[in-house]
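Here is how the chains run, residue by residue.
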Amino acid sequence: MAVELTYLCMNHPWRWANNIKQIINNTPTDKISTILNECGEMYLQAFNLSDKQLLHYDFDSMSPEVKEHFKDAFLDANNENKAQYLEDVEKIYSLCRNRANQLNVDISKLPETLGELTK
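For clarity, every value in this text was computed on a predicted model and none was experimentally measured.

Procedures and definitions
Residues numbered from 1 in each chain as written. Predicted model: local features only at pLDDT ≥ 70, side-chain atom pairs only at ≥ 80, totals over all residues. Heavy atoms only, no water. Helix = DSSP H or I, 4+ residues; strand = E, 2+ residues; numbered from the N terminus. Rg over C-alpha atoms; globule rule 2.2 N^0.38 Å. Buried < 20%, exposed > 50% of the residue type's maximum accessible area, 1.4 Å probe, protein only. Contact = heavy atoms within 4.5 Å. Core = buried A, V, L, I, M, F, W, Y, C linked by side-chain atoms within 4.5 Å. Phe/Tyr/Trp six-rings, centres within 6.5 Å; stacked < 30°, edge-to-face > 60°. Lys NZ or Arg CZ within 6 Å of the ring centre and 35° of its normal.

A.B. asks: Help me out: how do you make sense of the overall build of the protein in this one?
C.D. replies: When you go through the protein residue by residue, the secondary structure sums to four helices and zero strands. Taking 119 residues into account, the globule formula puts the C-alpha radius of gyration at 14 Å, and the protein, at 17 Å, lies well above it. By its C-alpha atoms, the protein is 60 × 30 × 20 Å across when sized along the principal axes. Across the 119 residues in the protein, those meeting the buried criterion constitute 32%. Considering only contacts within the protein whose residues lie at least 6 apart along the sequence, 68% involve residues at least 24 apart.

Structure below.
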């Protein structure tokens, strides 16, 4: 769970971009690596969510017509949210990497992009 940058725990964290930029720009050198690691953890956690984990409703109690329509719409919306979250965290990670470079923090062992973690 993200501790240093709690915005990572929210849906669509990039809507708080100005707050995030301010926090990252004021983060001391010893904490910047922690934020980068938290970005990676949150990205992987969201990336690995399956459709089954997103379904919290009792679809068996619905009629077949409603069940299929609702389930498809629900999964589409969740997949859009998931994609948006992954994109947002990638932006935050990139911003944080840039700040780490400015502070001369050794990030050579970290991937260039979070997408590399899932390949």
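A.B. asks: Honestly, the nonpolar core in this entry has me stumped. Any pointers?
C.D. replies: One broad trend across soluble globular proteins is that nonpolar side chains are buried collectively. Ranked by size, the top nonpolar core spans 23 residues in total, and within it Leu5, Leu8, Ile24, Cys39, Val89 and Ile92 carry the most contacts. When residues of this core are traced back to their parent elements, those giving at least two are α1 (17-25), α2 (29-47) and α4 (64-102). Discounting chain neighbours no more than four positions away, the residues touching Ile24 are Leu5, Ile32, Ile92, Leu95, Cys96 and Arg99.

A.B. asks: How should the packing of aromatic side chains be read in this particular structure?
C.D. replies: Aromatic ring pairs are defined here through the distance separating the ring centres and the angle between the ring planes. Within the structure shown, the criterion is met by two aromatic pairs. An angle of 40° between the planes, with centres 5.8 Å apart, marks the rings of Tyr7 and Trp16 as tilted. Aromatic pair Tyr43 and Phe47: ring centres 6.4 Å apart, planes at 10°, arrangement stacked. Of this pair, Tyr43 and Phe47 both sit in helix α2, four residues apart, roughly one helical turn. Over the ring of Phe47 we find Lys82, and its NZ or CZ is 5.9 Å from the ring centre.

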